[in-house]
Amino acid sequence: MNLDDVVNTLGRHLKARYGERVRKLSLNAGFGCPNRDGTLGRGGCTFCSVLSFAADDGDAPLAQQLAERRAELKRAARYIAYFQAYTNTYAEVETLTRLYAEATASPDVVGLAVGTRPDCVPDAVLALLAGYRERGYEVWLELGLQSAHDETLARVNRGHGWAAYADAVARARAAGVPVCTHLILGLPGETDAHAVTTLERVLDAGAEGLKLHPLMITRGSRLAVAHKRGEIEPPELPAYAALVGELIRRTPPELVFHRVSATARAPTLVAPAWCSTVWPAMQAIRADLDLHGGQGTRLQATAA
Ligand code: SF4
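Basis of the calculations
- Residues numbered from 1 in each chain as written.
- Predicted model: local features only at pLDDT ≥ 70, side-chain atom pairs only at ≥ 80, totals over all residues.
- Heavy atoms only, no water.
- UniProt positions renumbered as here; feature names shortened; annotations may be inferred.
- Helix = DSSP H or I, 4+ residues; strand = E, 2+ residues; numbered from the N terminus.
- Expected span 1.5 Å × (residues − 1).
- Buried < 20%, exposed > 50% of the residue type's maximum accessible area, 1.4 Å probe, protein only.
- Contact = heavy atoms within 4.5 Å.
- Phe/Tyr/Trp six-rings, centres within 6.5 Å; stacked < 30°, edge-to-face > 60°.
- Axes fitted to C-alpha atoms, helices over the stretch in contact; angles between N-to-C directions.
- Parallel < 35°, antiparallel > 145°, perpendicular 65-115°, else oblique.
- Left-handed = near helix turned anticlockwise from the far one by under 90°.

Under the annotation held in an unreviewed UniProt entry, the protein carries the name Radical SAM domain-containing protein and is attributed to Rubrivivax gelatinosus. What UniProt records for the protein under Cofactor (unreviewed entry) is the sentence "[4Fe-4S] cluster".

Structural data, given as structure tokens:
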């Protein structure tokens, strides 16, 4: 299922730049998280499960992880090294310099994507990433925001508010580093209206990319306990697809969607069951976009 004709997906963006398919290789470099170790908070975000990261081999050398991920994926000629697990800027810049260089050493790695928290992006890290961009790499700073609402961020124990995100994005833009913002739809206490406001604030702040996730209940997370008690439910697929469609229609055509849903591996996933594979969400989102319009069409309708 392909959305490229109605959404500016990362796949479409990369194909336009490189003329062929480019795949992301997920890495676990063994970073920690300041929201777990007591530096910024304890216990982590309520939706986060260390088990989902534990499935990746954080002990293996990066070259080995890259080789294994290449073998798992369908063949591609070019790749992006994606530092995904935990907080991938949470180390001295000398350590980051070494790890990023190790991950991009192979000539077929043409890009670097780094997932982190907005309050863990010092200027020295931005300068490091900007250096890769200047050398022609495809670079993405992937910032976990999840919601633009401080009440929600406090409720899920993010350990930062909107202000930290706005500051990180402003500095990233000044350094010339593109930002992909991660959002979770269906967080406790949030409605569709919260998600629309979050999108508007993120677009105003100036992100270049978006990654949308449904709230997933994963084994070992604090939300899994609340879910077991019957206190929270993740979104149903039809409601999720309709909200994603609406957000895509309200997003300018040039912004790059890195992802519009998410999956979790068994037995980590508790709920919703439709997140066990990517296809139900892709089909439902595709149907919504076909029916109501693709990326940016709500903006055009509003402007007209
Ligand atoms: S989601 Fe990220 S910031 Fe939150 S606890 Fe997990 S690793 Fe830390």
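Another point: helix α5 (residues 123-134). Residues spaced three or four apart along an α-helix face the same direction, because each turn holds 3.6 residues. Its 12 residues place the ends of α5 16 Å apart at the C-alpha level, agreeing with the 16 Å of an ideal helix rising 1.5 Å per residue. Here α5 has its buried residues at V125, L126, L128, L129, A130, G131 and Y132. Against α4 (93-103), β3 (109-116), β4 (138-146) and α7 (162-175) lie the buried residues of α5. Phi for G136, located one or two positions after α5, is positive at around 95 degrees.

Our next topic: the packing of aromatic side chains. Counted under the stated rule, the structure contains four aromatic pairs. Geometrically, the ring pair formed by Y240 and W274 is tilted, given 5.4 Å between the ring centres and 40 degrees between the ring planes. Residue Y240 is found in helix α10 (residues 237-249), and its partner W274 is found in the loop between β9 (269-271) and α11 (279-292); the two are separated by 34 residues along the sequence. In this pair, the class of Y240 matches that of W274, namely buried.

It is worth spelling out the packing of α4 against α5 at this point. Remark: α4 packs on α5, axes separated minimally by 10 Å, with the N-to-C direction vectors making an angle of 25 degrees. Compared by their axis directions, α4 and α5 come out roughly parallel. The two elements α4 and α5 cross, and the hand of that crossing is right-handed. Taking contact as the criterion, the partners of V93, L96, T97, Y100 and A101 in α4 are, on α5, A124, V125, L128, L129 and Y132.

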